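Tertiary structure, described
One letter stands for each residue in the lines below.
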Amino acid sequence: MTNVAADLVKEGTTELFVYKKKTSAKGPSTRDQTPFYNPSMELNRDVSILVNQWFLNASTKHVHILDGLAASGIRGIRLAHELNGDFEVTINDWNDQSFSLIQQNIQKSSLQNISVFQRDLNGLLSERRYNSIDIDPFGSPVYFIDAAVRSVYNKGIIACTATDTAALCGVFPKVCYRRYGAWPLHGPAMHEIGLRILLGCLCREAAKYDRGIEPLLCYTTDHYVRLYVQINNGKDAANTSMAQFFSISARDVPLSKENTALVGPLWLGKLQKKPVLQEIRTILSTKELNTKNMLWKLLYLLEEEADAPPFFYTTNDLSSLLKQSPPTMDHIFENLRNKGFIVTKTHCTPTGFKTNAPLDVITEVFK
Ligand SMILES: C[S@@+](CC[C@H](N)C(=O)[O-])C[C@H]1O[C@@H](n2cnc3c(N)ncnc32)[C@H](O)[C@@H]1O
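Source: prediction; values computed, not measured.

Definitions and cut-offs
- Residues numbered from 1 in each chain as written.
- Predicted model: local features only at pLDDT ≥ 70, side-chain atom pairs only at ≥ 80, totals over all residues.
- Heavy atoms only, no water.
- Salt bridge = Lys/Arg side-chain N within 4 Å of Asp/Glu carboxyl O.
- Helix = DSSP H or I, 4+ residues; strand = E, 2+ residues; numbered from the N terminus.
- Near = heavy atom within 4 Å.
- Polar contact = N/O pair within 3.5 Å; in protein donor to acceptor, adjacent residues only side chain to side chain.
- Areas by Shrake-Rupley, 256 points an atom, 1.4 Å probe, with all protein chains shown as cover.
- Nonpolar A, V, L, I, M, F, W, Y, C, P; charged D, E, K, R; others polar.
- Axes fitted to C-alpha atoms, helices over the stretch in contact; angles between N-to-C directions.
- Parallel < 35°, antiparallel > 145°, perpendicular 65-115°, else oblique.
- Contact = heavy atoms within 4.5 Å.
- Pairing = 2+ DSSP bridges.
- Left-handed = near helix turned anticlockwise from the far one by under 90°.
- Domains from an automatic or database assignment.
- Patch = residues over 30% accessible without salt bridge, like charges linked within 9 Å, V, L, I, M, F, W, Y side chains within 5 Å.
- Buried < 20%, exposed > 50% of the residue type's maximum accessible area, 1.4 Å probe, protein only.
- Right-handed = clockwise from strand over helix to strand, strands pointing away.
- 1 Å grid on protein atoms, 1.4 Å probe; cavity = no way out; pocket = protein on both sides within 12 Å on 5 of 7 lines; lining within 4 Å.
- Points joined across faces, edges and corners; volume = space filled by probe spheres on them.

1. Things to note about the pattern of salt bridges
This model, assessed by the stated rule, comprises 21 salt bridges. Note that Asp134 and Arg226 form a salt bridge whose closest N and O atoms lie 2.6 Å from each other. Taken together, the residues Asp134 in strand E6 (residues 130-135) and Arg226 in strand E9 (residues 225-233) connect sequence positions 92 residues apart. A salt bridge links Lys208 to Asp146, with the shortest nitrogen-to-oxygen separation between them at 2.9 Å. Here Lys208, found in the loop between helix H8 (190-207) and strand E8 (211-220), pairs with Asp146, found in helix H5 (residues 142-151); they are 62 residues apart in sequence, far enough to count as distant.

So this is what it looks like as structure tokens:
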């Protein structure tokens, strides 16, 4: 074990040891020899608590949750400590120092519903099956998706984070194409496109095994993309999913500066399941979480945009296109709604809005 002293932190209602490298609650963390811990991912872990509690509430059988890339074990130990229901958690990390820190944290917690492995995640997933699988890698989760799709039980959940946003958002399009087999698009909607590319990749991998995907809760931030998807068995489920997986032209993405480029293939179905978000909001009111205020806002926005069409406009990009200063969001919303169009905010950016109105109507409203 490392000679550096570990720090005691508290997330949710769980206390455990981690190695703090940064004090800021924003942005990515740094990597060294000690097990990884990034305080800015607390909200990401809090969402895991909420979605897995929803899943347990909806399950009639014993649930087996896997925290597949655990580092300090904070996510898995929090799940074991903060969830209610009939479940157990397996925590896995192949790194020696992570494995001993996880064991130390499990001992400290005196929880009975946890087991720990020091395995290559792909090997573990090839041998065992789980109801809920969490993949939280450095960079891209793509290397674990095939194995996760084979391991997860019918109606189980795959959750994954991708921090390779430079690839997914089109800074390095060839990297995105190699990893995900899809072309990204750098521009106002790049984070949503990145999220849809990752979902598309999951959809494609699942369909090989006659399985379909149903996104439950998916979101993006500047630093990462995160999704929770239910996997459903059957050719029909797979066909229904694959019908929502295709390429589009860049000109179909609002305010794109490119016209001819091909984008995708990517997932063009829904990103959220509204009734699940509504239940998750109720669960949030029962949990002790440090990021509660941010979570209320995030869940509110996800619910608002759940039934809106893909992609969005931003007032600043419209402003530079139309060479006009932007009206207020209220003005835009009221006028588009009065004309009978759908218009919602988006969690992707505070200056963004989603609508089914055509650009000429938006231009008229903008004046
Ligand atoms: C980003 S960290 C996980 C962070 C953690 N989930 C959290 O919430 O704090 C990624 C971890 O994956 C582990 N890892 C990377 N590749 C692996 C593999 N193929 N099998 C098992 N563990 C792996 C690394 O050792 C590292 O600890």
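Next comes the rest of the write-up.
2. Side note on the site of the ligand
In the region of the ligand, 19 residues are neighbours, and Leu69, Asp93, Asp120, Leu121 and Asp136 sit closest. Leu69 places a polar main-chain atom, nitrogen or oxygen, 2.9 Å from a nitrogen atom of the ligand. Between a nitrogen atom of the ligand and a main-chain N or O atom of Trp94, the distance comes to 3.3 Å. Across the complex, the protein chains shield 92% of the 600 Å² of accessible surface that the ligand would expose by itself. Class assignment of the residues belonging to the shell around the ligand gives a composition of 10 nonpolar, 3 polar and 6 charged.

3. Side note on the packing of helix H1 (residues 42-58) against helix H10 (residues 274-286)
The relative placement of two packed helices comes down to the angle between their axes together with the axis-to-axis distance. Closest axis-to-axis distance for the H1/H10 pair is 9 Å, and the angle between their directions is 105 degrees. In terms of axis orientation, H1 runs roughly perpendicular to H10. Between H1 and H10, the contacting residues are Leu50, Val51, Gln53, Trp54 and Asn57 on the first element and Val276, Glu279, Ile280, Ile283 and Leu284 on the second. Considering only residue class, the contact of H1 with H10 consists of 7 nonpolar, 2 polar and 1 charged.

4. Considering the sheet that holds strand E14 (residues 352-355)
The 3 strands are arranged E12-E14-E13 in an open sheet whose pairing can be described as antiparallel. Two strands lie at the open edges of the sheet, namely strand E12 (313-314) and strand E13 (343-345), each paired on one side alone.

5. Thoughts on the side chain of Asn113
Among the secondary structure elements, Asn113 is positioned in the loop between helix H3 (96-109) and strand E5 (114-117). A distance of 3.4 Å separates a polar atom in the side chain of Asn113 from the backbone oxygen of Ala80.

6. Notes on the sheet that holds strand E7 (residues 152-162)
On the basis of which strands lie adjacent, the open sheet formed by 7 strands has the order E5-E4-E3-E6-E7-E9-E8 and mixed pairing. Looking at the sheet topology across the chains shown, the edges are occupied by E5 and E8. Between one strand and the next, the sheet's axes are offset by a mean angle of 15 degrees, whatever the strand orientation. The sheet contact formed by strand E3 (residues 63-67) and E6 spans 3 bridges and is parallel. Note that in E6 the partner of Ile65 across the bridge is Ser132. In this fold H5 packs onto E6, E7 and E8, with an angle of close to 155 degrees to the strand it touches most, E7.

7. Section: the packing of helix H13 (residues 329-338) against helix H14 (residues 359-366)
Relative orientation of the contacting elements H13 and H14 amounts to 130 degrees, with a least axis distance of 9 Å. In terms of orientation, H13 and H14 fall into the oblique class. Relative to H14, H13 is oriented so that their crossing is right-handed. Residues His331, Ile332, Asn335 and Leu336 of H13 touch H14, and the partners they reach there are Val361, Val365 and Phe366. Of the residues that constitute the contact of H13 with H14, the class distribution is 5 nonpolar, 2 polar and no charged.

8. A word on the domain arrangement of the protein
By the assigned domains, the protein splits into domain 1 (7-278) and domain 2 (312-367). Inter-centroid distance (C-alpha atoms) of domain 1 to domain 2 is 32 Å. Counting from both sides, the interface comprises 9 residues of domain 1 and, opposite them, 9 residues of domain 2. Put simply, domain 1 and domain 2 have 1 salt bridge between them. Residue Glu192 pairs with Lys354 through a salt bridge whose shortest N-O separation is 2.9 Å. If you look at where domain 1 meets domain 2, you find 2 residue pairs in polar contact (both at pLDDT 80 or more). Listing elements by their share of the side of domain 1 that touches domain 2, those giving two or more residues are H8 and E8.

9. Digging into a nonpolar patch on the surface
Together, Tyr177, Trp183 and Leu262 make up a nonpolar patch on the protein surface, roughly 300 Å² of accessible area in all. Here Tyr177 lies in helix H7 (residues 173-180). The partly exposed category is assigned to Tyr177, whose relative accessible area is 40%.

10. Examining the pairing of E3
Every regular strand shows the same layout, with side chains that alternate between the two sheet faces. Taking burial as the measure, the 5 residues of E3 include 5 buried ones, the bulk of the element. Burial along E3 is two-sided: Val63, Ile65 and Asp67 and His64 and Leu66, pointing in opposite directions, are all buried. In terms of strand pairing, E3 meets strand E4 (residues 87-92) through 5 bridges, oriented parallel. Each residue of the ladder has a partner; that of Leu66, found in E4, is Thr90. Between E3 and its parallel partner E4, the chain crosses via helix H2 (residues 74-82), and the hand of that crossover is right-handed.

11. Looking at the layout of surface pockets
Of the voids in this model, the second largest pocket is the one considered here, and its volume is about 300 Å³. Around the second largest pocket, the lining is made up of 14 residues, and of these Phe55, Ser59, Asn131, Asn154 and Lys155 lie nearest the centre. Going through the elements one at a time, H1 and E7 are the ones with two or more residues in the lining of the second largest pocket. Element by element, the count of residues in the lining of the second largest pocket is highest for E7, at 4 residues. Among the residues forming the lining of the second largest pocket, the class breakdown is 5 nonpolar, 7 polar and 2 charged.

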